[in-house]
Amino acid sequence: MAENEPQIGRRALLEWAAASAALAACARAPVRKIVPYVVQPPEIVPGRPLHYATAWELDGYGMGLVALSHTGRPTKIEGNPKHPASLGATRAIDQALIETLYEPDRARGVESAGEPVSLHEFDERVAHKRVAVLMPPTSSRAIEKLVRRIRSELPGSDVWFHTPLSRANVWAAGKSAFGEAVEPMIDPSKARAIVTFSSDFLASGPSCVRAARKLADKRAADGARLWAIESRRTPTGVFADERVATGAHDRARFACAIAARVLSDSSASDASRALATTLRERAGDVDTRFADRCARDLLAARGAAAWVVGDAEPMELHALAWLVNRALGAVGGPIVATPSPILEAGERSHDLADFSARAASGDFDLVVIAGVNPVYSAPDFDLARSLAGAKDSAYVGLHRNETAALCRWLVPLAHTLESWGDVRADDGTGSIVQPLIDPIFGGITIAEVLARVLGDLAPSGHDLTRDALGLDDGAWNDALQSGVLPSTSSAPTKAAMNEDALVGLVQAWVLPVKHAIEIELHPSHAVHDGRFATPLLLELPEPLTKSTWGNVALVSRATAESLGVGDEDVVKVTAGSHSIELPALIERGQPDGVLSIALGWGRRGAERLADGVGANAFLLREALEKNAPTAIAAGRSEPVARTQINIDLYHRAHEIARSRLKSEKPLAPDTAMRLSLYTPQLSPTAPHAWAMSIDMSRCTGCQACVAACNVENNVPTVGKAGVLNDRDMHWLRIDHYEGDRGVIFQPMLCQHCDDAPCEYVCPVNATVHSPDGLNEMVYNRCVGTRFCSNNCPYKVRRFNWFNYHEDEPALRQLEHNPQVTVRARGVMEKCTFCVQRIRDAEHVADSDHRALARDEVVTACQQVCPTQAIVFGDKNDPNSAVSLRYGLPEAYAVLDDLGTRPRIRYLPKVIDKSPERA
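A quick note: this is a predicted structure, and the numbers were derived from the prediction, not measured.

Below, the discussion takes up the state of the cysteines. By the definition in use, this model includes zero disulfides. With no disulfide of its own, C256 has C294 as its nearest cysteine by sulfur position, at a separation of 13 Å. According to the relative accessible area criterion, C256 is buried, its value standing at 0%. With no disulfide of its own, C705 lies closest to C702 among cysteine sulfurs, the gap being 6.4 Å.

What follows covers unusual backbone geometry. Here H528, not a glycine, exhibits a phi torsion of approximately 60 degrees, which is positive. Note on placement: H528 falls in the loop between β19 (518-522) and α20 (535-538). Positive phi, normally seen in glycine, also occurs at N627, with a value near 55 degrees.

Further remarks concern the sheet that holds strand β22 (residues 569-575). Here six strands make up an open sheet; going across it, the order is β19-β24-β21-β23-β22-β25 and the pairing mixed. With partners counted over all chains shown, the strands left at the sheet margins are β19 and β25 (630-637), one partner each. For this sheet, the mean angle separating the axes of adjacent strands, direction not counted, is 35 degrees. As judged from the six bridges shared by β22 and β25, these two strands associate in the antiparallel manner. Bridge assignment links A575 to a residue of β25, and that residue is T630.

Attention now moves to helix α7 (residues 208-221). For α7, with 14 residues, the first-to-last C-alpha span of 20 Å sits near the 20 Å given by 1.5 Å per residue. Within α7, ten of the 14 residues are buried, leaving the element largely enclosed by the surrounding structure. Within α7, the full set of buried residues consists of C208, V209, R210, A211, A212, R213, L215, A216, K218 and R219. Looking at the packing, one finds that the buried side of α7 touches β2 (61-70), β8 (182-186), β9 (193-197), β10 (225-230) and α8 (235-239). Of the residues trailing α7, G223 is marked for its positive phi of about 90 degrees.

Right, let's talk about the confidence of the model for the protein chain for a bit. Of the residues in the protein chain, 93% have a pLDDT of 70 or more, and the chain-wide mean is 90. Confidence drops under a pLDDT of 50 for residues 1-8, and excluding neighbours within four residues, the segment shows four contacts in the predicted structure. Within the model, the stretch residues 10-37 combines pLDDT values under 50 with three contacts to residues more than four positions away or in other chains.

Turning to its location among the elements, G602 is positioned in the loop between β24 (594-598) and α22 (618-625). For G602, a relative accessible area of 7% puts it in the buried group. Along the chain, G602 and L320 lie 282 residues apart, while their C-alpha atoms are 36 Å from each other. Each residue touching G602, except ones within four places of it in the same chain, is listed here: Y376, V613, G614, A615 and N616.

This part takes up the packing of aromatic side chains. Scanning all chains against the criterion turns up 15 aromatic pairs. Ring plane angle 65 degrees and centroid distance 5.0 Å describe the contact between F833 and F872, whose orientation is recorded as edge-to-face. With F833 in the loop between β34 (828-829) and α28 (835-847) and F872 in strand β35 (residues 870-874), the pair connects residues that are 39 residues apart, well separated along the chain. Exposure class is identical for F833 and F872. Each is buried. Here a set of aromatic residues connected by ring pairs shows up, and it is made of W160, F355 and F364. Sitting over the face of the ring of F239, R219 holds its NZ or CZ atom 4.2 Å from the ring centroid. Lying across the ring of F799, R786 places its NZ or CZ 5.2 Å from the centre.

The rules behind the values
- Residues numbered from 1 in each chain as written.
- Predicted model: local features only at pLDDT ≥ 70, side-chain atom pairs only at ≥ 80, totals over all residues.
- Heavy atoms only, no water.
- Disulfide = S-S within 2.5 Å.
- Buried < 20%, exposed > 50% of the residue type's maximum accessible area, 1.4 Å probe, protein only.
- Helix = DSSP H or I, 4+ residues; strand = E, 2+ residues; numbered from the N terminus.
- Pairing = 2+ DSSP bridges.
- Axes fitted to C-alpha atoms, helices over the stretch in contact; angles between N-to-C directions.
- Expected span 1.5 Å × (residues − 1).
- Contact = heavy atoms within 4.5 Å.
- pLDDT = per-residue confidence, 0-100.
- Phe/Tyr/Trp six-rings, centres within 6.5 Å; stacked < 30°, edge-to-face > 60°.
- Lys NZ or Arg CZ within 6 Å of the ring centre and 35° of its normal.

As structure tokens, this is what we get:
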């Protein structure tokens, strides 16, 4: 200390420290008075959430949900175990419904020409008018009834349906085959061999959750081989035992080659065998060894083999799939032709071009666009001209988006958690949508909009739904409680397959043109078609590239070299008269000559987070469908925010991510004795020992568990800049590694080591062990030294460099789980094995004067997993699910040679390759 500096005595220093501590303790949030219940509702118990069965509709198909509500505030979404589409699990998009409910950028109040008006004024304007309505596809019986009334009671009025990700090709092929639009329902539990053509049926689509569960169970039981023929890698393709990467032209040739072998079989019909000759000629010199192996698998599994074709594939390929499935005996077995639950599926009313032309004709007093954003997703239809042709226009939606900007009226749409309604799953099973909260911004449902058009003032969504379903009090209440309308699933179509019509379609098939560079567009795994621009989904890593906050152009290394493009070089992609710019990524498994781009990005609406993030690939779609000339040019560089870059194991597969071929012997258990200098910290008399098992053979990398963990535990998002600085906060991540046998997905989270290296180095004892084996974090002790993170070999601890919740709008704060602390700046965060769920289950059991039931505690990641890859429980119970997996000979702990003794054990990925490829 310098001589002229004041001397501070020990007593004074302690007094100042005490005063500072007292001041900090007093720096609390301002106290706000609340009004308590005068008579507390009997179902409300402070601190205990209520569970409500509900459902929601995506592109017309229903998904059964269970929503959690804390004193009237929805906070979490789970799957409904009684619903056939969810089976108790969900997709990542389902988890984000809570964020879309509390979105601060939602439309607030009715507007006319930008000025606030009352809903009553809108009612008067729309009632009994000659109206054109554009809305999403729907399976709602209430809306079906209203649509029919509009067409019959309001002469000249009409209703159209639109989604950017239409199943029009599926329905068209079904109508040729059976005379009606049908859904080719895949049941993997009845299959021993499945071939997919650009179908990510395990991770996207209306039946992905059910299909993933059934295929994972089938593989675990008696095996089912999966073949994937696709361009970009998808979770389904990675999950496949064998995969070939092709562009659209070669993919069609593979289909012809495989189909020719199947249809030339002696059991096929004469027409099919004749078609096989044509298909063999079209296949040309495509890889005959792959086609031979694939066809051999299919024929060997006759009656239990199936083709699955992606929605965007040509109608002719869907028609060929019906012929092949018929020849394989799959129809009525692994493939069921079920009438589509979508209202007017495949009809003229699903043609956006028809709507655009009619709306522009000036025949309507009012054009209403509700719940869709065609100005963004269909830019080539010039909806501005169509809207200008009407006398008046109104947009009904959650946000003031690109379409709303062109309409005179803006009416807020009620969120699905604010709505009454009904939906049907892809198999026809009906569910009631019930609200958990009153509309926050006074929104109304699409059904209520249609009722207003018919002159019904202040219609009730509840009454419209109940009237359409015709249920008595008992049936209505039962359906609300279970979330499923009994006996509503659709029976398979009784129509005979029209083989001649299908053969004619395939005979006339002109295969896709092969370009030097093929550009393929696909839905985003996160934001879907662009409507889900929430922080959770914008930062949700793409399963394989691990990119966030925007889309990229995927190219193979050979193609990148031919174009003079490197990783993160911005490429200008031109198709027809439109161009977009986005960074390129060199991706393993990408076919040469194919550039893949995700749709759903490049928004320009009022959603601030999504504005300008990524590029709008919808601009290219119309030109690509017409085979317009394309061009690619490289320019500047732009960093891509990725959560994992290194995907190599560097010969450490045995220590980290194990795999083996099905034909190989099971991996030997590791019985080496782990010596330790540290005294065991766990109480030998603890009643429970919480542990987890993860089966990598079941994991598809769909990211649903990552989304569920974020929602359950109030995990913050950090933005693109934060991800670029390696500061992403995901408590659970899905690593993926690549080797000669393909891709291995490995969920990685805190391992809750019995000898945790993080605990020994913490200077303030912030990370400690509970008696039942949890590695806990005491946030108010943590001073942010990050010693624990440096000492963690799994790199699963997160340091919150900033107070990411500090600037959250008040509305966004309502989405937080009140049972989990919202962390302040400067502390370490990590997986807690959902300790709040453990303690809650213990409290419930204690209040019921009973012991915890076996497998009663379910973590968020376990609950959401479609394939049940994750199992959690008490390993002290020898019959618990986790103990049964824990005891399998191949179960192992990652980096167990370090002596950390993790509480998570993994099962290796088992791959069933053909002998020629083993």
